[in-house]
Amino acid sequence: MRGTTVLPGAPCAAPRDGDPPVHRLELRLPDRVPFAAGGFDAMGPMSRAAYPHRHTFYEIVHVVEGSGVHVLDLERYEVRPPQLGVILPGQVHHWEGVRGLEGSLVLFTPEFLVGGPGGEELLRRLGERPWADLDAATHERTGRLMAELAEEYRHGADGFAGVLRSLLHVLLVRAARLPGGGDPPPPPGPAGEFLRLARTAGAAGLSVRECADRIGVTPGHLTEVVRAATGRTPAALLRQERAREAQRLLVATGLSVRQVAARVGFDDAAYFCRFFRREVGCSPGRFRKDHDRRVPSIEPGAAGP
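First, a word on what this report is: a plain description of the structure on this page. Numbering of residues begins from 1 in every chain and follows the order in which that chain's sequence is written. For a predicted model such as this one, the threshold for reporting local features is a pLDDT of at least 70, and the threshold for listing and counting side-chain atom pairs is 80 or more; totals across whole chains, interfaces and linings nevertheless cover every residue. The side-chain figures draw on all heavy atoms in the structure; neither hydrogens nor water molecules are used.

### Considerations on helix H3 (residues 136-155)
Alright, step 1. With 20 residues, H3 ought to run about 28 Å at 1.5 Å a step, and its terminal C-alpha atoms sit 29 Å apart, in line with that.
Alright, step 2. Within H3, the full set of buried residues consists of Thr138, Thr142, Leu145, Met146, Leu149, Ala150 and Tyr153. One face of H3 carries all of its buried residues, which in axial projection span an arc of 135°. In H3, the exposed residues that point more than 90 degrees away from the buried face are Ala136, Glu140, Arg154 and His155.
Alright, step 3. Residue contacts follow a heavy-atom distance rule, with two residues in contact if any of their heavy atoms lie within 4.5 Å. The helix count covers DSSP runs of H or I at least four residues long, the strand count covers runs of E at least two residues long, and both are numbered beginning at the N terminus. Elements in contact with the buried residues of H3: strand S2 (35-39), strand S4 (58-72), strand S6 (83-87), strand S7 (93-108) and helix H4 (160-176).
Alright, step 4. In protein, a polar contact requires one atom able to donate a hydrogen and another able to accept it; more generally it is a pair of N or O atoms within 3.5 Å, and residues adjacent in sequence count only if both atoms are side-chain atoms. Near the N-terminus of H3, the side chain that reaches the backbone nitrogen of Ala137, with its oxygen 3.3 Å away, is that of Asp135. A helix's residues, less one, multiplied by 1.5 Å, set its expected span. Only protein chains enter the accessibility calculation, which uses a 1.4 Å probe; a residue whose area is less than 20% of its type maximum is buried, one above 50% is exposed, and one in between is partly exposed. Think of the arc as the fan of directions from the helix axis to the C-beta atoms.

### Remarks on unusual backbone geometry
Leaving glycine out, the prevailing phi sign among residues is negative, and the prevailing peptide bond configuration is trans.
Alright, step 1. With an omega of 0°, the peptide bond between Pro81 and Pro82 qualifies as cis.
Alright, step 2. Structurally, Pro82 can be placed in the loop between strand S5 (75-78) and S6.
Alright, step 3. The backbone of Asp73 shows a phi angle near 55°, a positive value even though the residue is not glycine.
Alright, step 4. With respect to the helices and strands, Asp73 occurs in the loop between S4 and S5.

### A short note on the nonpolar core
Alright, step 1. In plain words, nonpolar cores are sets of buried Ala, Val, Leu, Ile, Met, Phe, Trp, Tyr and Cys residues tied together by side-chain atoms within 4.5 Å. The biggest cluster of nonpolar side chains holds 48 residues, and the ones touching the most others in it are Phe35, Ile60, Val106, Phe108 and Leu168.
Alright, step 2. Residue contributions to this core peak at 9 residues, all from H4.
Alright, step 3. Residues contacting Leu168, with those up to four places away along its chain left out, are Ile60, Val106, Phe108, Phe112, Leu113 and Leu149.
Alright, step 4. Membership of the second largest hydrophobic core comes to 17 residues, among which are Ala243, Ala246, Leu250 and Phe287.

### Remarks on the pairing of S7
Alright, step 1. Paired strands are those between which DSSP finds at least two bridges. As paired strands, S2 and S7 are joined by 5 bridges and run antiparallel to one another. Bridge pairing in S7 links Phe35 to Phe108.

### Re the pairing of S4
Alright, step 1. Burial analysis of S4 places 11 of its 15 residues in the buried class, which makes it a mostly covered element.
Alright, step 2. Two elements, S4 and S6, share 5 bridges in a ladder whose sense is antiparallel. What sits directly across from His62, in S6, is Leu84.
Alright, step 3. Pairing between S4 and S5: 4 bridges, direction antiparallel. Looking at S5, one finds that His70 is bridged to Tyr77.

### Considering the packing of helix H6 (residues 208-215) against helix H7 (residues 219-230)
Alright, step 1. A fitted line through C-alpha atoms represents every axis, and for helices the fit uses only the stretch in contact; the resulting angles, taken between N-to-C directions, go from 0 to 180 degrees. Remark: H6 packs on H7, axes separated minimally by 9 Å, with the N-to-C direction vectors making an angle of 90°. What the angle tells us is that H6 and H7 run roughly perpendicular. Between H6 and H7, the contacting residues are Val208, Arg209, Cys211, Ala212 and Ile215 on the first element and Pro219, Leu222 and Thr223 on the second. By the definition adopted for this analysis, an angle is roughly parallel if under 35 degrees, roughly antiparallel if over 145, roughly perpendicular if from 65 to 115, and oblique otherwise.

### Observations regarding the packing of aromatic side chains
Alright, step 1. Only Phe, Tyr and Trp rings are paired, with Trp represented by its six-membered ring, and only when their centres lie within 6.5 Å; those with planes under 30 degrees apart are stacked, over 60 edge-to-face, the remainder tilted. With the rule as written, the count across this model stands at 12 aromatic pairs.
Alright, step 2. Relative to Phe275, the ring of Phe266 lies with its centre 4.9 Å away and its plane at 40°, an arrangement referred to as tilted. With respect to class, Phe266 is no different from Phe275; both count as buried.
Alright, step 3. Following the ring pairs from residue to residue traces out a cluster consisting of Phe266, Tyr271, Phe272, Phe275, Phe276 and Phe287.
Alright, step 4. Throughout this description, the term charge over a ring refers to an Arg CZ or Lys NZ atom that lies within 6 Å of the ring centre and within 35 degrees of the ring normal. We note Arg242 situated over the ring of Phe266; from NZ or CZ to the ring centre the distance is 4.7 Å.

### Concerning the environment of His221
Alright, step 1. Structurally, His221 can be placed in helix H7.
Alright, step 2. Between the C-alpha atoms of His221 and Pro190, which are 31 residues apart in sequence, the distance is 8.9 Å.

Structure below.
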């Protein structure tokens, strides 16, 4: 399955040549709620996918058994249950060398959180600390919540979508309370809107002016409020996100450096290499050599979480 959230069996456009597969979340009929919950086995074999891929949805995973490594973007996290993980849309991840991996997953789209009390912001904060060890009490409480979410989803009784959102919000709030649970919420207004937009601007190659137009303010005003809130300019934050997307593509795809440059909005590969060296501290080629995590023989039609 590739593309975006769709009805079962609906066709989706394949990712561009060389890009990691993009897994979508199928909408269950007849309710069409963009949400799913259950164990690894219930979600299917792709819930343990061993090749780099992206999601169009959020994933929360509660690992209760197993060993191996979870690879998320540029980081490797040893599987030492009990643990709680968060994967954001657009991040590249896969499981590596796992054995006996068991636990529960909750999958949902950004749209599912619309109208919820700050859910998207809680997820952004959790994404700053995407892999957490759990003590015994937190593990037990998390397991109960994950089981309630799976049961409510499985039965699909009247009003179940609202119950799912409420239970999910409890899960997110409690996860954010864990040690190192992410930065404080971003400021309200244009600065906060920009910080949310910047997460996807790396892949889109957006400029400060384009971001300002989307938010509905002038570039000068955007620069002023973002600098006041973060101490950095919008241009610097966009360069950071563009470099981060380039790093993802270098470690998880077979794209050439020239192709990676084009993916993140550079027409001139030489200029991209200078940009990358300035932002990251080494050349794209050296970075790939030091961090290459591409998995051979990726199944082109593979799908799942």
